Amino acid sequence: PDKTFVVWAPFEGSEQRWTYAEMARDAKRFAAGLHARGIGLGDFVLMHLDNSADFLTAWFGCAYLGAVPVTTNTRSVAENVNYFAEVMQPACAVTDPTYAKIVRDACGDATPMIVSGDLNADDAAALGAESFATVFADGPIPEVSPDSERNFAVQFTSGTTSRPKPTVWTNANALWGGRSMAMNLRLRREDVTLVYMPLFHANAQMTLFSALWSGGTIVVHPRFSASRFWDTCAAHGVTWVSMIPFSFKALKGRPVPKHKVRVMIGLARLPDAEKEFGVQTMALWGMTETTTACIVTDADHPGPAGTMGRPSPLYDIEVRRPDGSAAGPGEEGLLFIRGVRGVSLFKEYYKDPQKTAEAFDASGALETGDIVRIDEAGWMFFVNRDKDMLRVGGENVAALEIETAISETGLVMECAVVAQKHYMLGDVPAAFVSLSDTGKKLSQEEVGKQILAHCREKLADFKVPRSVHIVDDFPRSTLDRIAKNLLRDRLSPIESG
C-alpha cells in the first residue's frame, strides 16, 4: 500500500504523488461523493477530460461504486459530444473547464456536472456545476459484490465509415488486459512507465491496468512532449513506454541522456530506433474491441524489422483471402481475431445489437478491417486498412503505396492519402502532409511541387495525387490512426475539368 502508484508530472507547477493506498482512499472518497448525489451501480458517468490526476481519481472512483465511466475524446466537436450523451444518457458528467459549456449543452441542465481544476463561483453558477474538490466525502459507499461480467467502462471507437460505436468492457476485460500486457512485457513491481497518451483512450487505460496488475508505478504527463520525454524518463527511472509512430519520429535526432528505459512499444519492431535510443522495441497490435494486444513480439525473439509480431497467448488469429480461405506465407489477407467475449474481446456495442453482430462473422471471429501479411516464418506485418483503398478509374490503389512514396522525399513528418470524389474516375488520390524540418525550410508551393514530381517518378500516373494539402496537425480517431474520414470531408468533389 505504501508503494508509489501515480506520479502526476504537469508541465507547469509541482509534481504530485499517490501511493496505492492514497489513490484508493481518494477514489473511495470521490465514490462516496457520487453516491451522495444519487449515482450508483450501473449508472453511466460521462468523463470528457484531458490527462490529470482528477481523471484517475474519478475513473477508479466509478469502479468502487460500480458506476460505469464513459471516457470520450476531448478533441471531439460539439456534435460528437451531443451524440455521446444522447446514446449513453449519463447520470453525471465530469469534465474540464475548457469543455464545460459543450458538455453542459450536450447533457442538458438536469444532469449533475463536476468540473475539474479551477472553477470560480460565477462560472459554477452559470453552468449549474460544482468543482471537483467539493465532491469528496467521507461517507459510506454501498458494498459492490465482485462480478466479472458487470460493465466496467465504455469507450467510443473511432468511426471510419460510420459514427463511433460505444464499446463496452466488463470487469473481466479490464483485468484480462492488465494481466495479458504484464505477461507479454514481463512487467515487475519495480517497473515504471510514462503515460503521455490520452487517458480516455484504450492504450493508456491498458497501460494503467498493466502497471496495476504488476504493482508498478505510473508517471503521467498532460500530453506528449518531445522536449520533456527523455528528461522525465531519466528523472523517474522509467523502464517502459507505450509509443505511437509520431512520437518515434518526433524524438529522432534529439539528445538521449542516460536512462533506464528497456523497452519502447510501438506498432512494429524498429531496429533504427533501438540503435538510436539504446532500447529494445516491441510491437503490439490491438484495438478497443480486443481490449489489449492480441499480436505481439517477444523480448527474446524480436523478429525482423517492421513486424507486428505473432499471436499473443490465448488469442487465435486468422488471415483470410478475399474468398475466405486461409492466406499462406507471403500472402496478404484480412485479419480476424478469436477470443472470449467479455474477457479477451469486448462485450458489446451498447444498445446496438446489429452493429455488435456485424462485428463478428458467422463463425464468431472478430473482423478487424486490417490487411496483414504473414512471412515464411510466421511473422505478421501490417499492410493497410481494408477500407483504405481507392478505386481510381476502375483500378484499385492502396493509399499506403502513395504514402510510402511521399515519405521517401524526406519533406514530411506524416502523410495521409485519401480518396477525393471525381466526376469521371470515381476516386482520385489527395495527399495531406505535415512537414519535417527539411520541408519547413521550403515554401509550401515548392513542397507540393517536389512531392508531386517524386510521385510521378515512382508511381503510375493514376496513383499520383491530384493535390497536396499541408497541415500543422492531423485529426485523429485513435492515437495511432489519422482520422481519414475527417480529411475526406475537407475535400469538395471534383465535378468537371
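## Considering the pairing of strand β21 (residues 380-385)
Part 1: Both strand β20 (residues 366-374) and β21 contribute to a ladder of 5 bridges, which runs antiparallel. Counted as the bridge partner of Val372 is Phe382 from β21.
Part 2: Between β20 and β21, which pair antiparallel and follow one another directly, the connecting turn spans 5 residues, one of which, Gly378, has a positive phi of 95°.

## Some details on unusual backbone geometry
Part 1: The phi dihedral of Gln89 is positive, around 50°, even though this residue is not glycine.
Part 2: By the element assignment, Gln89 lies in the loop between α3 (78-88) and β5 (92-95).
Part 3: Residue Gln89 is classed as exposed on the basis of its relative accessible area of 58%.
Part 4: A positive phi is found at Lys351, a non-glycine position, where the angle reads about 55°.
Part 5: The class of Lys351 is exposed, set by a relative accessible area of 68%.

## As for the packing of α3 against helix α4 (residues 100-107)
Part 1: For the pair α3 and α4, the least separation of the axes is 8 Å and the interaxial angle reads 45°. With respect to their mutual orientation, α3 and α4 come out oblique. Two packed elements cross with a definite hand, and for α3 against α4 that hand is right-handed. Seen from α3, the contacting residues are Ala78, Val81, Asn82 and Ala85; seen from α4, they are Ile102, Val103, Asp105, Ala106 and Cys107.
Part 2: For the contact of α3 with α4, a count of residues per class yields 7 nonpolar, 1 polar and 1 charged.

## A short note on the sheet that holds strand β19 (residues 348-349)
For sheets, the rule is that strands pair by backbone hydrogen bonds, running either parallel or antiparallel.
Part 1: Taking strand neighbours across the sheet as the criterion, the 8 strands line up as β7-β6-β5-β3-β4-β8-β9-β19 in an open arrangement whose pairing is mixed. Each of the sheet's edge strands pairs with one partner strand only, and the pair in question is β7 (129-131) and β19.
Part 2: Direction of pairing for strand β6 (residues 113-115) relative to β7: parallel, over a ladder of 3 bridges. Counterpart to Val115 in the pairing with β7 is Ser131.

## Considerations on the environment of Arg186
Part 1: Residue placement: Arg186 occurs in the loop between α6 (171-185) and β10 (192-195).
Part 2: Relative accessible area serves as the criterion here: at 38%, Arg186 is assigned to the partly exposed category.
Part 3: Note: C-alpha distance between Arg186 and Ala299 (113 residues apart in sequence) is 8.7 Å.
Part 4: Sequence-distant contacts of Arg186, defined by excluding residues within four places in its chain, comprise Asp191, Arg262, Asp298, Ala299 and Asp300.

Cut-off values and rules
Residues numbered from 1 in each chain as written. Predicted model: local features only at pLDDT ≥ 70, side-chain atom pairs only at ≥ 80, totals over all residues. Heavy atoms only, no water. Pairing = 2+ DSSP bridges. Helix = DSSP H or I, 4+ residues; strand = E, 2+ residues; numbered from the N terminus. Buried < 20%, exposed > 50% of the residue type's maximum accessible area, 1.4 Å probe, protein only. Axes fitted to C-alpha atoms, helices over the stretch in contact; angles between N-to-C directions. Parallel < 35°, antiparallel > 145°, perpendicular 65-115°, else oblique. Left-handed = near helix turned anticlockwise from the far one by under 90°. Contact = heavy atoms within 4.5 Å. Nonpolar A, V, L, I, M, F, W, Y, C, P; charged D, E, K, R; others polar.

Geometry only, nothing functional implied.
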